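Inside the fold
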Amino acid sequence: MIKIGLIKEEKVPQDNRVALTPDQCKWLLNNRNNIAFFVQPSEIRCFKDEEYARAGAIITDDMQQCDILLGIKEVPVDSLIENKTYLFFSHTKKKQPHNRKLLQTILKKNITLVDYECLEHEDGQRIIGFGFFAGIVGAHNGIMAYGKRTGLFHLERVYKQRNFKELIHTYFGLRLPNIKVVVTGSGRVAHGLVEVMNLMGIHEVEPEDYLVRRFSYPVYTQLKGSSLYEHEITGKYSREDFHKDPQNYLCRFLPYASQTDVLLNGVYWEEGIPPLFSPSDIQRDDFIIQTIADVSDDPYGSVPINICSQTIEDPVYGISRTTLEKTPPYQPGSIDIMAVGNLPNELPRDASRYFGEQLIKYILDDLLKASPSPTLQRATIAVNGQLGPYFTYLQDYAEES
């Protein structure tokens, strides 16, 4: 019998998402042999304890009996149980300083850690994540913030809707001004951004037309890697080479800043990837962007004027065009930044259902086998007190005090 535990989320700000919904647990109990679910009680989880109990899970605080523990955000170091297998977003693969203690404790406690972020198909595409719903909420919040700044229209908050279907209903009858919106990226986040553009009735146009025309209706254009970056010598773009040596590439975004009202950023970013623009560029007269939804939310990353993450309750802040300092939102002479690290929490039940579907379809059966698959091995940051074979580059990070 393999015992799987759904742990409560303890990180602050609190996260209400889950890796598997009650219905998914029920389906697995009916369709997989020798499996049992144990659920830690939680008052903040988007599904109630009683729903899991009705699905056949055992509600208990004791996770010691479990073989595999599923969470979402980082587990506090004091709550980690030694000799267990955990799956959660650890945010350690980029050597994030604030999570060094977490990785050190995982190694010390002989824990095996599989990081959702590192689960990839053979071609490098992410298998699992909440990116689509981050894009959904981020696009809505970005357009909402533009409406608040200009006073031209009004959108309600996403979290006030019960689900994604109800959110869609709020777009019926929405009349937007003739705004121009840039969507960046091509992954799950960008798919969510584009979904909301289409639902809001914002028309897609090609980048070439976007740069030279004004339109009598709201439009957006999507800038993928080949439209955003070019090799500094050849002038061409290769996805494989770009991710291998991004420092050799230049960003081609800036001309769009003179034609754009709202930027919805969904590009992947890590150290070495050039930003979309430089902070000083926002002081130019032809930089007309008024609202930026940085859904990727990397402070000082692809959007270099995103200096901090906000909360769901207070998602928008301003950056002064002259001083580059943080201001309240919607002020004259500033650009509004929407940046929140847990956007899918505004649609937690939909986001959790989608996440669990991918987990069941691509990962769970491999997880239940005695020997890890190549996919799991590539995502295993730590195993038996050692760094996984694909993460030995973290050794200095794990050893620093």
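Residues numbered from 1 in each chain as written. Predicted model: local features only at pLDDT ≥ 70, side-chain atom pairs only at ≥ 80, totals over all residues. Heavy atoms only, no water.

Remarks on the nonpolar core
Counting residues in each nonpolar core, the largest one holds 98 residues, and the members touching the most others are L70, Y86, Y116, I143 and M197. With 10 residues, helix 4 (residues 131-150) is the single largest residue contributor to this core. Among the domains, domain 1 (2-128 + 347-398) and domain 2 (131-346) are the pair contributing at least three residues each to this core. M197 has contacts with A139, I143, V181, V183, I202, Y220 and L264, leaving out every residue within four places of it along the chain. The next biggest cluster of nonpolar side chains, apart from the first, holds 31 residues, and it includes Y249, Y256, I289 and Y317. (Core = buried A, V, L, I, M, F, W, Y, C linked by side-chain atoms within 4.5 Å. Buried < 20%, exposed > 50% of the residue type's maximum accessible area, 1.4 Å probe, protein only. Helix = DSSP H or I, 4+ residues; strand = E, 2+ residues; numbered from the N terminus. Domains from an automatic or database assignment. Contact = heavy atoms within 4.5 Å.)

Some remarks on unusual backbone geometry
Here the residue pair V12 and P13 is connected by a cis peptide bond, since its omega of 5 degrees sits within 30 degrees of zero. Its place among the elements puts P13 in the loop between strand 1 (2-6) and helix 1 (22-31). In this structure, N34 is a non-glycine residue whose phi angle is positive, near 55 degrees. By secondary structure assignment, the location of N34 is in the loop between helix 1 and strand 2 (35-39). In the Ramachandran plot, K95 falls in the positive-phi region, its phi being about 60 degrees despite a non-glycine side chain. Here K95 lies in the loop between strand 5 (85-88) and helix 3 (100-108).

Here we look at the side chain of D350
Note that D350 resides in helix 10 (residues 348-362). A relative accessible area of 15% means that D350 is categorised as buried. Polar contacts involving the side chain of D350 include one to the main-chain amide nitrogen of F164, which spans 3.1 Å. (Polar contact = N/O pair within 3.5 Å; in protein donor to acceptor, adjacent residues only side chain to side chain.)

Digging into the sheet that holds strand 3 (residues 58-59)
Across the sheet, 8 strands lie side by side as 3-2-1-4-5-6-17-18; this open sheet has mixed pairing. The outermost strands of the open sheet, each flanked by one partner alone, are strand 3 and strand 18 (386-387). Against the sheet, helix 1 contacts strand 1 and strand 2, and its axis sits at roughly 155 degrees relative to strand 2. (Pairing = 2+ DSSP bridges. Axes fitted to C-alpha atoms, helices over the stretch in contact; angles between N-to-C directions.)

Observations concerning the sheet that holds strand 15 (residues 326-327)
In space, the 8 strands of this open sheet follow the order 8-9-7-12-13-16-14-15, with mixed pairing throughout. At either end of the open sheet lies a strand with only one pairing partner, and these are strand 8 (203-204) and strand 15. The pairing of strand 12 (residues 262-265) with strand 13 (residues 291-294) spans 4 bridges and is classified as parallel. Note that in strand 13 the partner of L264 across the bridge is A293. Against the sheet, helix 4 makes contact with strand 7 (180-184), strand 12, strand 13, strand 14 (316-320) and strand 16 (334-338), and its axis sits at roughly 160 degrees relative to strand 12, the strand it touches most.

Topic: helix 4
Taking 1.5 Å of rise per residue, the 20 residues of helix 4 would be expected to cover 28 Å, and the 28 Å separating its terminal C-alpha atoms lies within 8% of that figure. Most of helix 4 is tucked away, with 18 of its 20 residues classed as buried. Once helix 4 finishes, G151 follows within two positions and takes phi at roughly 70 degrees, a positive value. (Expected span 1.5 Å × (residues − 1).)

As for the side chain of T21
Within the secondary structure layout, T21 lies in the loop between strand 1 and helix 1. The residues touching T21, leaving out its near neighbours within four places in the chain, are F47, Y52, S352 and R353.

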